[in-house]
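The residues making up each chain are set out below.
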Amino acid sequence: MRSYVFPGDIDPAIMAIGAKPFLYMRTDAFSQINKESEQILLDLIHCTGGRTIIYTGSGTGAMSAVVENYVTTKKKAIVIDGGSFGHRWFQLCEYYGVPVVHYEVGFAKDIDYEDLERTVAAERPDVFLCQHHETSTGQLFDLGKISAICRKFGISLVVDVISTFLAEPLSMDEYGIDICITSTQKGLNIPPGLSILFFSKNLEGYAWNHKGYYWDFDDNFSNLRRGQTPFSPATILYLQLHARLLQLKAEGGEDKNIAHVRHRALKFREYCRKYGWDVPAEVPSYAITGFQTRDTAERKIFKGLMEKYDTYIMPGGKPGFYRVSHMGLQTDRELEELAERIHEFEP
Ligand SMILES: *Cc1c(COP(=O)(O)O)cnc(C)c1O
């Protein structure tokens with residue numbers, strides 16, 4: 001099988017951890033692993049003096065946790081809705097009854113940052129929720145510009161970096177981001193099941209809300225002081241995360257990984273040009289390539305790849321629009337072969 005979805009093909013050494021006996025979680029050894037993972041994660045995202053919470057749960061669980069514990073303490077949120085993930089922030093605010101400014105951005109379009117600033121000046125939200133990369137379309141947003149607007153108006157910035165952590169340059173310190181979210185099945189390239197929250201030092205001692213028992217921040221932080229989790233962690237995934245973080249550190253950190261992701265994206269986009277597939281994102285992220293094919297009626301490409309080659313790519317929200325992730329292991333030759341095979345099934 002070849003996987004160009006999330007998390008893509010994973011290093012066999014990491015996968016092998018899942019086949020071995022694993023340690024009991026209520027031990028010093030597990031606490032040690034957790035604490036070490038926290039430190040490496042904070043270094044990778046440049047969050048000096050910050051904290052993490054690692055949850056057993058997918059990325060949306062962590063998004064929900066942020067709204068329950070933090071966003072509900074605010075008076076008004078603004079959400080960038082440029083696709084299905086941005087829309088999820090909006091739905092979460094509505095679900096928890098947080099007044100929210102719904103700032104919509106067209107499919108694969110960048111934000112009009114001047115218009116955004118005018119909206120912020122008029123609406124005066126106190127918390128800003130966005131994605132770094134709207135994974136449903138491939139569009140990357142400009143965190144430098146967003147962060148400047150947030151600083152100017154004194155707004156707390158929360159960013160879903162689920163699909164850009166380790167795939168795009170990112171520094172919480174530089175952009176003054178209060179909370180970032182990622183999960184294991186994207187840039188970390190290990191199986192799905194854990195999500196990670198990063199908290200800036202700014203939020204130390206914050207009076208969190210208590211609107212969700214399982215995700216409660218205070219409960220999690222107090223357990224984490226001992227390197228523990230309040231409930232049973234997905235132990236194997238925590239071990240895979242730890243091993244992957246040590247590997248990333250040994251291989252040269254985030255910059256090296258980002259360079260690999262970028263190389264694969266640029267390589268695949270050469271074939272998009274060759275076969276005439278448009279990449280609609282105004283500013284495409286390197287994390288994935290979203291491209292438009294002529295396969296608009298029957299998903300022939302998706303089915304053909306799966307049935308003939310045991311290969312998976314992601315269908316998108318529009319007919320004939322597909323996405324290929326660049327966060328899993330993939331060689332130049334494999335990407336060339338993938339493009340040839342997509343072309344084979346294109347009507
Ligand atoms: C993958 C992803 C998520 C989380 O989805 P889950 O299925 O809950 O892991 C959220 N936001 C973005 C931008 C994503 O790419």
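Our structure is the block above this text.
Residues numbered from 1 in each chain as written. Predicted model: local features only at pLDDT ≥ 70, side-chain atom pairs only at ≥ 80, totals over all residues. Heavy atoms only, no water.

1. Looking at the nonpolar core
Right, on to step 1. Counting 49 residues, the largest nonpolar core has Leu116, Phe128 and Ile146 as the members making the most contacts within it.
Right, on to step 2. Residues within four places of Leu116 in sequence aside, it is in contact with Ile78, Ile80, Tyr103, Ile111, Phe128 and Ile149.
Right, on to step 3. Met63, Ala77, Leu129 and Phe221 belong to the second largest nonpolar core, which has 30 residues in total. (Core = buried A, V, L, I, M, F, W, Y, C linked by side-chain atoms within 4.5 Å. Buried < 20%, exposed > 50% of the residue type's maximum accessible area, 1.4 Å probe, protein only. Contact = heavy atoms within 4.5 Å.)

2. A word on empty space enclosed by the protein
Right, on to step 1. According to the stated counting rule, one finds five cavities of 30 Å³ or more in the structure shown.
Right, on to step 2. Quantified by volume, the largest cavity comes out at close to 90 Å³.
Right, on to step 3. Contributing to the lining of the largest cavity are Ile54, Tyr55, Thr56, Tyr214, Trp215, Asn220, Thr229, Pro230, Phe231, Ser232, Pro233 and Tyr238.
Right, on to step 4. Looking at the lining of the largest cavity, the element that brings in the most residues is strand S2 (residues 51–56), giving three residues. (1 Å grid on protein atoms, 1.4 Å probe; cavity = no way out; pocket = protein on both sides within 12 Å on 5 of 7 lines; lining within 4 Å. Points joined across faces, edges and corners; volume = space filled by probe spheres on them. Helix = DSSP H or I, 4+ residues; strand = E, 2+ residues; numbered from the N terminus.)

3. Looking at the packing of helix H3 (residues 59–69) against helix H4 (residues 84–95)
Right, on to step 1. One can describe the packing of H3 onto H4 by two numbers: an axis separation of 10 Å at closest approach and a directional angle of 40°. It follows that H3 is oblique to H4 by the angle criterion. Viewed along their axes, H3 and H4 form a crossing whose handedness is right-handed. Residue-level inspection shows Thr60, Met63, Ser64, Val66 and Val67 of H3 in contact with H4, the latter providing Phe85, Arg88, Trp89, Leu92 and Cys93.
Right, on to step 2. Looking at the contact of H3 with H4 residue by residue, the class counts come to seven nonpolar, two polar and one charged. (Axes fitted to C-alpha atoms, helices over the stretch in contact; angles between N-to-C directions. Parallel < 35°, antiparallel > 145°, perpendicular 65-115°, else oblique. Left-handed = near helix turned anticlockwise from the far one by under 90°. Nonpolar A, V, L, I, M, F, W, Y, C, P; charged D, E, K, R; others polar.)

4. Section: helix H2 (residues 28–44)
Right, on to step 1. Counted at 1.5 Å a residue, the expected span for H2 with its 17 residues is 24 Å, and the 24 Å between its end C-alpha atoms agrees.
Right, on to step 2. Those residues of H2 not exposed but buried are Phe30, Ser31, Ile33, Asn34, Ser37, Glu38, Ile40, Leu41, Leu42 and Leu44. (Expected span 1.5 Å × (residues − 1).)

5. Observations concerning the site of the ligand
Right, on to step 1. Lining the immediate surroundings of the ligand are 14 residues, of which Ser58, Thr60, Thr135, Asp160 and Lys186 lie closest.
Right, on to step 2. In this structure, Gly59 approaches the ligand through a main-chain N or O atom, which is 3.1 Å from an oxygen atom.
Right, on to step 3. One of the side-chain N or O atoms of Gln185 is found 2.8 Å from an oxygen atom in the ligand.
Right, on to step 4. Protein contacts shield 87% of the accessible area of the ligand, which totals 380 Å² for the unbound molecule.
Right, on to step 5. If you list the elements that add at least two residues to the shell around the ligand, you get H3 and H4.
Right, on to step 6. Tallying contributions element by element places H3 first for the shell around the ligand, with three residues. (Near = heavy atom within 4 Å. Polar contact = N/O pair within 3.5 Å; in protein donor to acceptor, adjacent residues only side chain to side chain. Areas by Shrake-Rupley, 256 points an atom, 1.4 Å probe, with all protein chains shown as cover.)

6. Re the pairing of strand S3 (residues 77–81)
Right, on to step 1. The buried count for S3 comes to five of five residues, which makes it a mostly enclosed element.
Right, on to step 2. Here S3 shows no split at all, with Ala77, Val79 and Asp81 on one side and Ile78 and Ile80 on the other all buried.
Right, on to step 3. Crossover handedness for the path S3 to H4 to strand S4 (residues 100–104): right-handed.
Right, on to step 4. Pairing geometry for S3 and strand S5 (residues 127–131), over three bridges, is parallel. Looking at S5, one finds that Ile78 is bridged to Phe128. (Right-handed = clockwise from strand over helix to strand, strands pointing away. Pairing = 2+ DSSP bridges.)

7. A few points about the sheet that holds S4
By definition, the strands of a sheet pair up through backbone hydrogen bonds, in either a parallel or an antiparallel sense.
Right, on to step 1. In space, the seven strands of this open sheet follow the order S2-S10-S9-S8-S5-S3-S4, with mixed pairing throughout. This sheet does not close on itself; its edge strands, each paired only once, are S2 and S4. Taking the axes of each pair of neighbouring strands and ignoring which way they run, one obtains an average angle of 15° across the sheet.
Right, on to step 2. Sheet strands touched by H3: S2, S5, strand S8 (156–160), strand S9 (179–183) and strand S10 (194–199). Its angle to S9, the strand with the most contacts, is close to 160°.
Right, on to step 3. Helix-sheet contacts for helix H8 (residues 217–224) involve S2 and S10, and the interaxial angle to S2 is about 105°.

Interpretation in functional terms is not warranted from these geometric data alone.
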